[in-house]
Amino acid sequence: MRNKLKFKKLLNEYRSLKFELEFIEDVLSEYHLVFEETYRRYCAEKDIDLQELHEKNKERVEKIFPDNKLQKSESSTEPTQVTKSTQEKHKSIYRELAKKLHPDSLPEGDERYDEFKTAFQRATQAHNDGAWGDLFDLVERYGVNLRNYGSICNSLIKHIEQIKLQIDNQKKTFSWALYECEGTEDCEEQVIKNFLMTVFRFRQ
């Protein structure tokens, strides 16, 4: 009973963190562009030669941003590293869930077909990737019985730790710092100054 309650508590924490991560990623999908515009406008207003800065610091910039983007997060929504032993532990759970969700098991014309198809694909992806929070979220939503709560909780804890790391890394970006300025001009200017100092060692 205690482990079952622990599972529910961890699952609620996972759902909350997943929602937070998705919100941050939505914000950053917009604010990476906002940052780029703000950064270039600031440099134009201050007569800062961007081409010269990039040429002088080419090796440094390539080392910091190997994908040639001005900013990058240290993490994405990549799932927990998969191990065969963990997959084996949870294979029976996945099979039971997949059997319950397989859209072909529904009567022809059943209105739940699209829902089950999406959930089935999500379950399969979660099991293949080791995204245990996603898998157990579906397990709980669709009423699949669980037995070994100890092993399940351990896998869920690892996934939660990874999501926390992803959130922390996303919030370290200059785009997020700009978002948190909430349009305050002095704050935005300081973010750009910090960026120029960090990337180009440029100080006015």
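From a predicted model like this one, the values you see are computed outputs, not experimental measurements.

What counts as what
- Residues numbered from 1 in each chain as written.
- Predicted model: local features only at pLDDT ≥ 70, side-chain atom pairs only at ≥ 80, totals over all residues.
- Heavy atoms only, no water.
- Core = buried A, V, L, I, M, F, W, Y, C linked by side-chain atoms within 4.5 Å.
- Buried < 20%, exposed > 50% of the residue type's maximum accessible area, 1.4 Å probe, protein only.
- Helix = DSSP H or I, 4+ residues; strand = E, 2+ residues; numbered from the N terminus.
- Contact = heavy atoms within 4.5 Å.
- Disulfide = S-S within 2.5 Å.
- Phe/Tyr/Trp six-rings, centres within 6.5 Å; stacked < 30°, edge-to-face > 60°.
- Salt bridge = Lys/Arg side-chain N within 4 Å of Asp/Glu carboxyl O.

A. Spotlight on the nonpolar core. With 56 residues, the main nonpolar core has F7, Y39, L97, F136 and L196 as its most contacted residues. Elements with a contribution of two residues or more to this core: α1 (2-45), α2 (50-56), α4 (84-101), α5 (113-129), α6 (132-141), α7 (149-170), α8 (174-180) and α9 (185-200). In terms of residue count, the dominant contributor to this core is α1 (14 residues). Discounting residues that sit within four places of it in the chain, F136 has contacts with F7, L11, H90, I93, I152, S155 and L156.

B. Region of interest: the state of the cysteines. All chains considered together, the criterion is met by one disulfide. Of all cysteine sulfurs in the structure, the one in C181 sits closest to C43, which takes part in no disulfide; the separation is 16 Å. Given a relative accessible area of 1%, C43 falls into the buried group.

C. Fine view of the packing of aromatic side chains. Across all of its chains, the model carries twelve aromatic pairs by this definition. Here F35 and F195 contribute two aromatic rings whose centre-to-centre distance is 5.0 Å and whose plane-to-plane angle is 75 degrees, an arrangement assigned as edge-to-face. You can see F35 sitting in helix α1 and its partner F195 sitting in helix α9, a full 160 residues away along the chain. Considered together, F35 and F195 belong to a single accessibility category, that of buried residues. One aromatic cluster is present, built from ring pairs that chain together F35, Y39, F174, F195 and F200.

D. Structural context of the pattern of salt bridges. Summed over the entire model, instances satisfying the criterion amount to 15 salt bridges. Across the pair R15 and D137 runs a salt bridge, and its minimum N-O distance is 2.5 Å. A residue pair is termed long-range when its members are at least 10 positions apart, and R15 in helix α1 and D137 in helix α6 qualify at 122 residues. Overall, D137 belongs to the buried group, its relative accessible area being 3%. The partner of R112 in a salt bridge is D110, with the nearest N and O atoms 3.0 Å apart. For R112, a relative accessible area of 37% gives the class partly exposed. Each of K8, R15, K18, R122, D134, D137, E140 and R141 takes part in a single network of salt bridges with overlapping partners.

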